[in-house]
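Chain and residue survey
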Amino acid sequence: MRLFVALEIPSAVRDRFAALINELRALESISSAKNPRWVRPENLHVTLKFIAHIEPARLDPIRATLAEVLSEATVNLRFRGLGFFPNAKRPRVLWAGTTASQNLSSLARDIDASLAKLGIPAEERAFTPHLTLARCEPSGICSALSAAVERDSARDFGELRTNAFHLIESKLKASGAEYTTLQSFVFAAEA
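A brief look at the structure comes next.

Cut-offs used in this document
Residues numbered from 1 in each chain as written. Predicted model: local features only at pLDDT ≥ 70, side-chain atom pairs only at ≥ 80, totals over all residues. Heavy atoms only, no water. Phe/Tyr/Trp six-rings, centres within 6.5 Å; stacked < 30°, edge-to-face > 60°. Helix = DSSP H or I, 4+ residues; strand = E, 2+ residues; numbered from the N terminus. Contact = heavy atoms within 4.5 Å. Polar contact = N/O pair within 3.5 Å; in protein donor to acceptor, adjacent residues only side chain to side chain. Salt bridge = Lys/Arg side-chain N within 4 Å of Asp/Glu carboxyl O. Buried < 20%, exposed > 50% of the residue type's maximum accessible area, 1.4 Å probe, protein only. Pairing = 2+ DSSP bridges. Arc of directions from axis to C-beta.

Another aspect to go through is the packing of aromatic side chains. In the structure shown here, the tally under the stated rule is six aromatic pairs. Ring centres of Phe-4 and Tyr-179 lie 5.1 Å apart, and the angle between their planes is 75°; on these two criteria the pair is classed as edge-to-face. Note that Phe-4 is positioned in strand E1 (residues 2-8) and Tyr-179 in strand E9 (residues 176-186), a separation of 175 residues in sequence. Note on Phe-165 and Phe-187: the rings are 6.0 Å apart at their centroids and 15° apart in plane angle, and the pair reads as stacked. Of this pair, Phe-165 sits in strand E8 (residues 164-173) while Phe-187 sits in the segment after E9, placing them 22 residues apart in sequence. Through pairs of rings, three or more aromatic residues link up here, namely Phe-17, Phe-79 and Phe-157.

Residue position: Asn-103 is located in helix H3 (residues 103-116). On a C-alpha basis, the gap between Asn-103 and Thr-132 in space is 21 Å, while along the polypeptide they are 29 residues apart. Those residues within four positions of Asn-103 in sequence are excluded, and the remaining contacts are Ser-71, Ala-73, Thr-74 and Val-75. A polar contact of 3.3 Å, which involves the side chain of Asn-103, links it to the side chain of Ser-71. At 3.0 Å, the side chain of Asn-103 forms a polar contact with the backbone oxygen of Thr-74.

Next up on the list: the pattern of salt bridges. Applying the stated criterion across every chain, the model contains 12 salt bridges. Of the charged contacts, one joins Asp-156 and Arg-78 as a salt bridge, the two residues approaching to 2.8 Å between their closest N and O atoms. With Asp-156 in strand E7 (residues 156-162) and Arg-78 in strand E4 (residues 75-85), the pair connects residues that are 78 residues apart, well separated along the chain. Of the residues examined, Asp-156 reaches a relative accessible area of 34% and is grouped as partly exposed. Relative accessible area serves as the criterion here: at 25%, Arg-78 is assigned to the partly exposed category. The salt bridge partner of Glu-178 is Lys-173, with a shortest N-O separation of 3.1 Å. Glu-178 sits in the partly exposed class, given a relative accessible area of 31%.

Here two bridges tie strand E2 (residues 37-38) to strand E6 (residues 130-135), and the two strands are oriented antiparallel to one another. Bridging across to E6, Trp-38 finds its partner in Ala-134. Two strands pair when backbone bridges link them, and strand E5 (residues 93-100) and E6 are joined in this way by five bridges, in the antiparallel orientation. Within the sheet, the bridge partner assigned to Val-93 lies in E6 and is Arg-135.

So, about helix H4 (residues 143-151). Turning to H4, its buried residues number three or more, namely Leu-145, Ala-148 and Val-149. In an axial view of H4, the angular spread of the buried residues amounts to 100°, which keeps them on one side of the axis. Facing away from the buried side of H4, by more than 90 degrees, are the exposed residues Ser-143, Glu-150 and Arg-151.

Rendered as structure tokens:
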């Protein structure tokens, strides 16, 4: 099983990103550059922890551990801006940025630490909340797409307020990843 822990985004925000992806996809037809691999809008999420492949026998301990992760408050995120990892000259990932309440980083650290006790490797990089919209080939992207991302570098896409995170299974298929929520975990009382 290939698993990760994530926050799901509201349908209104998902619809805005679906419209953006359609708009950006239209720019590909004017380019000879390799096209990005776009994330399907129904798969958009904010990853808190990528668990990777596990044996099914490890699923119940993971569920039990995640059920113990709590926070004093809900998490608030605002989705704003577009950019590239690592940068626009060598784009590998097209992302939408987030501005989050401070407890989001703490929540991600707590999830990481609790799963590390089960032998799941801890993250080596600092947590950077974002939405992956597309994965790009190192050969580059078309100039029209680059210009559109630059133009929308501060565009607002909406917000999320949540008190739950989700354990999700990812099945890789020829048509793209297929995600199934295995369990949801309430980490804070609703405000």
